[in-house]
Amino acid sequence: MERRKERIDRGVKVRSDGIYALNSYREVFYLAFPRLIPILGLLVICPLFSEYWKEVFVSTAVYALLAVSWELLYMGGLISLGQSLFYGVGAYIAGALNAYWGVPPILSLPIATLVGGVFCTLMLLPVLRLRGIYFAMVTLVLPLLLSRFVEATRILGGTEGLTGIDSFSSQWVAFYLVQVALLVAFFGFRRLEGSDYGLVIKGINDNDRAIMSSGINIYWYKTQILFMAGAVGAFAGAYGAHYDMFAGIPGFALDYSILPIAAAAVGGMGSFAGPLLGAFILVPLSEILRALGALRIVFYGLFLVFAVVGLPEGLFHFIRRKYEQIERWVEVDKG
Amino acid sequence: MSDVLLTVSGVSKHFGGVVAVDDVSFELKAGEIVGIIGPNGSGKTTLVNIITGFVRPDKGRVVFKKEDITGKPPYHITDVGIARTFQMIRPFYQLPAYKNLIPSLFSPRVRRLLGGKYGDRDAVAMDILEEVGFERDSSVPYKSARNLPHGYLKRLELGRCIALRPEVIILDELFSGMSIAEVTSTVPIIEKLRDEGIAIIMIEHRLRELFQITDHVLVFNFGRKIAEGTPEEVMNSNEVKEAYLGSEEIEEEETAC
Ligand SMILES: Nc1ncnc2c1ncn2[C@@H]1O[C@H](COP(=O)(O)OP(=O)(O)OP(=O)(O)O)[C@@H](O)[C@H]1O
Ligand SMILES: [Mg+2]
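To keep things clear, this report deals only with the structure shown in the data block. (Residues numbered from 1 in each chain as written. Chains lettered and ligands numbered in written order. Predicted model: local features only at pLDDT ≥ 70, side-chain atom pairs only at ≥ 80, totals over all residues. Heavy atoms only, no water.)

1. A look at the coordination of the magnesium ion (ligand 2)
Residue and element names in this part refer to chain B.
Next, step 1: Protein-derived ligands of the magnesium ion (ligand 2) are Thr45 (OG1) and Gln87 (OE1), with the metal-ligand distances lying across 1.8 to 2.1 Å. A residue pair is termed long-range when its members are at least 10 positions apart, and Thr45 in helix 1 (residues 44-51) and Gln87 in the loop between strand 6 (82-84) and helix 3 (102-106) qualify at 42 residues.
Next, step 2: Residue Gln87 is classed as partly exposed on the basis of its relative accessible area, which comes to 28%. (Donors = N, O, S within 2.8 Å, 3.2 Å for Na, K, Ca; no water. Helix = DSSP H or I, 4+ residues; strand = E, 2+ residues; numbered from the N terminus. Buried < 20%, exposed > 50% of the residue type's maximum accessible area, 1.4 Å probe, protein only.)

Here it is in structure tokens:
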């Protein structure tokens, strides 16, 4: 006798491709529960945090915005190694509007989001035809280039940056604003993913010739997702500029590019929940590890390696499988 | 009598030292089926790629309804009304069969033709799949393309074309990899499309079935169009006999398939 693991879909999920037959409140709950976690977690539980952890939460949410923005590009086959481009551009636009012309956050945020999205799209438009690693290289270089440009020309405060940017009217406004933004981006992108539009975007990634021969201009669609991803990233930057009351060259720092990718790797690529989850693990973890001083980066690195090696599919996909399927050991006759 | 839809004139393409297509010209009229035959590597697929914008010709022009479409991108060419299947099938493997038609139904062309009211795309997709022989009440249309037999995937390619409501359909060896029964049931679908006024180019190695539905055939060899005419005319021409190394071989191939 041998034993083997058997996986069975939970009976609740009567599935014919996204259409569920729901028969009881229990089944409704079964489906709604995972979707309620981010909403309740953000809006209800986080406010109970101490001031220190609220700060950590804000920075987590900013990274999470960059991570879902990263995932949108990934869905369309665009690998971004330069999420900091979006962040930095958004931060500088909002920062300049506020520092030079006194534009309040209520206006500078939406302007920076839109203008930043357009600006980043225009910067990447010439290389949109490049695929895979070539596109990635350009995204890696652009933020470095822009930071050197600011340094050399001394515009926008040069190496000093723009200081004295207005903060939000209260800590509560800042706190809830970023939560709502994150929820809107997250559920908005998820909705998009499930639509026919999302199907086409994913099709571009794995079968662009078939999409083209369906009469769809893949470059126009890539431009659209670039704008959406850029706008979300620019919002994160604009928010960050007001929150930190500072916009400067650090906005183009590698951290903003690397963490979203690490979050996607740990949480699981191929769904928006993965990078979101990843960001909510990695950023707080990095805070906890602060106590270790110089060894922090070592442990952080080890965690990353173990997470990626141990769960190559990503934590989210692992959890989802456990949630949706019952596993049990069954005895099987050999031969 | 009917209007010329597509004109290919003097088209050539070489890859390195290989001349894949050599000074080819022909015309295609609405409601007509033109067959293209020729040995392996004679440039048939390259010609399709030139017409549909996947390959830019070195010389020559492709004109569709008075518009010069030479070297235009593939999505533009589909958008004006030329749909194709791929010899090397390109389904969306991870999607259910009927979802494979969504990109076509979502395309600007179809949305334009339907004037904004495109209703339920999934339902339209199911109708088209039924048209190309997917059993509607079975689980087949819901199966992911990964799990479908090759013959179904070929017909899925045809379904993707039909979904685009094209004026010209180019079928690159649609029948290869299909069972005899599948070919027999696919022939009437193609005839129906022709009767609706769609112009069809069929590249085929299965001559018997091809000759049943077309009376105009082009023969290719080494990138050149070496003969053109009715199946009988073409089969009796000396160049064609030479190209196929003797007429017996044609008979053989005809019966083998
Ligand atoms: N992208 C390419 N790069 C280089 N050579 C190519 C390319 N595409 C086709 N060829 C060459 O051009 C010639 C014609 O190929 P093509 O695929 O058009 O032939 P075919 O008639 O479709 O053959 P088959 O019946 O096997 O499908 C072949 O010699 C092939 O090797
Ligand atoms: Mg071919």
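Resuming the write-up.
2. Describing the site of ligand 1
All names here are of chain B.
Next, step 1: Taken together, 13 residues surround ligand 1, and among them Gly41, Lys44, Thr45, Thr46 and Gln87 come closest.
Next, step 2: Gly41 is positioned such that a nitrogen or oxygen atom in its backbone is 2.8 Å from an oxygen atom of ligand 1.
Next, step 3: A distance of 2.7 Å is found between an oxygen atom of ligand 1 and a side-chain nitrogen or oxygen belonging to Thr45.
Next, step 4: Within the residue set of the shell around ligand 1, elements represented by two or more residues are strand 2 (18-29) and helix 1.
Next, step 5: Classifying every residue of the shell around ligand 1 gives three nonpolar, eight polar and two charged. (Near = heavy atom within 4 Å. Polar contact = N/O pair within 3.5 Å; in protein donor to acceptor, adjacent residues only side chain to side chain. Nonpolar A, V, L, I, M, F, W, Y, C, P; charged D, E, K, R; others polar.)

3. Quick notes on the interface of chain B and chain A
Next, step 1: With 25 residues of chain B in contact, the opposing surface of chain A contributes 21 residues.
Next, step 2: Counting the surface lost from both chain B and chain A, the interface buries some 2000 Å², and carbon and sulfur atoms represent 61% of this.
Next, step 3: At the junction of chain B and chain A, the tally comes to one salt bridge.
Next, step 4: One salt bridge connects Asp196 of chain A with Arg121 of chain B, and the closest N-O pair in it is separated by 2.5 Å.
Next, step 5: Applying the counting criterion to the chain B and chain A interface returns seven residue pairs in polar contact (both at pLDDT 80 or more).
Next, step 6: Residue assignment for the side of chain B that touches chain A shows that the elements contributing at least two residues are helix 2 (74-80), helix 3 and helix 4 (108-113) of chain B.
Next, step 7: Of the residues assigned to the side of chain B that touches chain A, the class counts are 14 nonpolar, four polar and seven charged. (Contact = heavy atoms within 4.5 Å. Buried area = accessible area lost by both parts, 1.4 Å probe. Salt bridge = Lys/Arg side-chain N within 4 Å of Asp/Glu carboxyl O.)

4. With respect to the packing of helix 3 (residues 83-101) of chain A against helix 5 (residues 132-153) of chain A
Residues and elements named next belong to chain A.
Next, step 1: In contact at an axis separation of 8 Å, helix 3 and helix 5 are set at 35° when each is read in the N-to-C sense. The element helix 3 and its partner helix 5 pack so that their crossing is left-handed. Counting all contacts with helix 3, which are made through Ser84, Leu85, Val89 and Tyr92, the residues of helix 5 involved are Leu142, Pro143, Leu146 and Val150.
Next, step 2: Classifying every residue of the contact of helix 3 with helix 5 gives seven nonpolar, one polar and no charged. (Axes fitted to C-alpha atoms, helices over the stretch in contact; angles between N-to-C directions. Left-handed = near helix turned anticlockwise from the far one by under 90°.)

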